[in-house]
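As a plain string of letters, each chain reads:
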Amino acid sequence: MDSQMKKNLTGTTTSFKTDEEASLSNRASELITRMESVPFSRWHVKPRVIMGSATFFDAFDALSLAFVLPVLIGLWNLNPGQIGILIGSGYLGQAIGAIFFGWLAERFGRVFSAKWTVLLMSVMSIACVFAGNFEMLLLFRFIQGIGVGGEVPVAATYINELSVAHGRGRFFMLYEMIFPLGLMLSAQIGTLVVPSFGWKWMFLIGGIGGLIVFLFFFMLRESPRWLISKGKYDEAERIIEEIEESTDKRLPVTQRAPQAVVKSNWKELFSPFYRNRTLIVWGLWFSSYFIANGLNNWLPSLYNTVYNLPLEDSLRAASVTNILQLVAVFACALFIDKVGRKKWATIAFVVASLLLIALFFSGASSAYTVMYLGSAAYGVMGTITVLLYLYTPEIYPTRMRVIGTAFATAWLRLASAIAPTILGFILGAQGITMVFMLFACVAVIGALVAFRMIETSEKVLEDIAP
């Protein structure tokens, strides 16, 4: 074969590959356009309910320890350092789980990854029932944390990818209300169950409920956006056809321009285009959850050990925190698309810092002062912690949406592991007022970081992150 013939064949092959890639790119854009044109319909109810139920028990399992601790402190003679380590171990596991199951979701699918997180956290919740000492519970909570940490970022990405640009904030935030609802109901259940039936029932309820939800995961369809990113166009089209058949209504959507198909690479998180987004969102996750989970995990024990409230009164006072968060998140869901992600987060950090500073200057003199000001600060911070599950998947493309969210949520796990441990030692050495001043300083830092967010409201995901 002479060189000219080789040259001709090479050129033909290159042209063919270019035409093939263009055809695939056109088809991907067409499918995304069709998906964006269908408003929220009855098809979206099933994934929101099933994935939301998993998120509910994720929240339940995450908070259950807080309502068990007041009993275990007396039963096992735990000191503040041990309490902090026990709380922190679950969050350390969550950091590992977020990365591992995030990688699994990018490779094998959102639904595949999420269902195994639910199974793991449910089985380990039941294992906690049989923990007979501090060391065993520490181990079980760490392993359970791996499942808990993997579920929420994968679930958030899945729901985000099923959403369309118009009204995505409200649709997603109403779904995400299931998490604070889970926190609130777990608080109410803890208040009733722990004093009456014992601490083991909290873990048993979470484990059995999670196993039931696991079975429903086999009814879920995969994210069409993920399927498109993997070149599985026929499967994605079949799901989009189901979505289209669920309603006759259509949204006005401009035909999308073809986009090049790019392979995923986690290193792209630190590319020039995404580096600032990544660092900013990491700072937001760390600062918001340092405050939120630091407050939420410690308050039941503070009421009992610092303010000497009876067990039932301590748990009841702590439940006020989660009720206020639910109200605040509902308000956020209604107005987030109008106010915008950036403005809401910045204002919320500022308001939380003012409430915490007021608590510091009041001397945190009574349990009721802490209950009102501390709970209000937590409620405001709760809107940011939920908002971040909307915002983070928005700023990354489908090819690395879960892994980007997983890395970000790993910072929340680290913050949640560090905060209780630090607070345990600060409480023992310097008193409760310094705890609230530390929270206030972190909130100020969070406000400065939030001011550098990009706005994503009412924009198509593929336009925000090419």
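Just above sits the structure.
Okay, so let's go over this structure. All residue numbers refer to position in the chain's written sequence, counted from 1. Local features in this predicted model are restricted to residues whose pLDDT is 70 or higher, and side-chain atom pairs enter the listing and the counts only when it is 80 or higher, whereas totals over whole chains, interfaces and linings include all residues. Only heavy atoms go into the side-chain values, all of them from the structure, while hydrogens and water stay out.

The next thing to look at is the pattern of salt bridges. Two side chains that carry opposite charge are able to pair once their charged atoms sit near each other. Take a side-chain nitrogen of Lys or Arg and a carboxyl oxygen of Asp or Glu: if they are within 4 Å of each other, that pair is a salt bridge. Evaluation of the coordinates by the stated rule reveals 14 salt bridges. For E237, the salt bridge is made with R27, and the minimal N-O distance between the two is 2.7 Å. Of this pair, E237 sits in helix α10 (residues 233-245) while R27 sits in helix α1 (residues 3-36), and the two are 210 residues apart along the sequence. Here E394 and R341 are joined by a salt bridge, their closest N and O atoms 2.6 Å apart. One end of the pair, E394, is in helix α14 (residues 367-394); the other, R341, is in helix α13 (residues 341-361), with 53 residues separating them in the sequence. Accessibility assignment for this pair places E394 and R341 in one class, buried. Salt bridges linked by common partners bring R27, R34, D234, E237 and E244 together as one network. Numbered from the N terminus, helices here are DSSP runs of H or I no shorter than four residues, and strands are runs of E no shorter than two. Burial classes: relative accessible area under 20% of the type maximum marks a residue as buried, over 50% as exposed, and values in between as partly exposed (1.4 Å probe, protein chains only).

Here we take up helix α2 (residues 45-75). An expected span of 1.5 Å times one less than the residue number is assigned to each helix. Under the 1.5 Å per step criterion, the end-to-end length of α2 is 44 Å for 31 residues, consistent within 8% with the ideal 45 Å. Two axes enter the definition of the bend at a residue: one is fitted to the seven residues ending there, the other to the seven starting there, and the bend is the angle between them. At L69, α2 is deflected by roughly 45°, the largest bend along its length, and proline P70 occurs up to four residues later in sequence. For α2, a buried count of 23 out of 31 residues is recorded, marking the element as mostly surrounded by other parts of the structure. Backbone geometry just downstream of α2 places N77 in the positive-phi region, at approximately 55°.

Two aromatic rings, drawn from Phe, Tyr or Trp (for Trp, its six-membered ring), form a pair once their centres lie within 6.5 Å of each other, and the interplanar angle then sorts them: stacked below 30 degrees, edge-to-face above 60, tilted otherwise. For the structure on display, the rule yields 26 aromatic pairs. Taken together through their ring pairs, the aromatic side chains of F100, F101, W103, F108, F112, W116, F214 and F218 make up a single cluster. Definition used: whenever NZ (Lys) or CZ (Arg) falls within 6 Å of the ring centre and also within 35 degrees of the ring normal, the charge is taken to sit over that ring. Across from the ring centre of F451, 4.9 Å away, lies the NZ or CZ of K342, which sits over that ring.

A few words on helix α8 (residues 200-216). The end-to-end C-alpha distance of α8 is 26 Å, a good match for the 24 Å that 17 residues give at a rise of 1.5 Å each. Looking at the buried positions of α8, the neighbouring elements they touch are α2, α4 (110-129), α5 (134-162) and α7 (178-197). The contact criterion used is simple: two residues touch if any of their non-hydrogen atoms lie within 4.5 Å.

Within this analysis, patches are made of residues with over 30% relative accessible area and no salt bridge. Like charges are joined at 9 Å or less; nonpolar side chains (Val, Leu, Ile, Met, Phe, Trp, Tyr) at 5 Å or less. Shrake-Rupley sampling with a 1.4 Å probe provides the accessible areas, and residues are treated as covered by the protein chains on show and by no other component. Taken together, the side chains of L92, I96, W411, L414, I418 and I422 define a hydrophobic patch exposed on the protein surface, amounting to about 460 Å² of accessible area. When contributions to the nonpolar patch are tallied by element, the ones reaching two or more residues are α3 (80-108) and α15 (401-430). In terms of residues, the nonpolar patch owes the most to one element, α15, which gives 4 residues. Mapped onto the elements of the fold, I96 is located in helix α3.

Take the packing of α13 against helix α16 (residues 432-450) next. The angle between two axes is taken between their N-to-C directions and runs from 0 to 180 degrees, where each axis is a line fitted to C-alpha atoms and a helix contributes only its stretch in contact. The contact between α13 and α16 brings their axes to 8 Å, and the two run at 160°. One finds that α13 runs roughly antiparallel with respect to α16. The chirality of how α13 crosses α16 is left-handed. Each of K342, A345, T346, F349, V350, S353, L356, I357, L359 and F360 in α13 lies in contact with α16, whose residues at this interface are T433, M434, F436, M437, F439, A440, A443, V444, G446, A447 and A450. Split into classes, the residues belonging to the contact of α13 with α16 amount to 16 nonpolar, 4 polar and 1 charged. Oblique is the label for any angle not under 35 degrees, not over 145, and not in the 65 to 115 range, which are roughly parallel, roughly antiparallel and roughly perpendicular in turn. Crossings are sorted by hand: turned counterclockwise from the far helix by less than a right angle, the near helix makes the crossing left-handed, and turned clockwise it makes it right-handed. Each residue gets one of three labels, nonpolar for Ala, Val, Leu, Ile, Met, Phe, Trp, Tyr, Cys and Pro, charged for Asp, Glu, Lys and Arg, and polar for the others, Gly among them.

Everything listed here is a matter of coordinates, which is why it stays silent on function.
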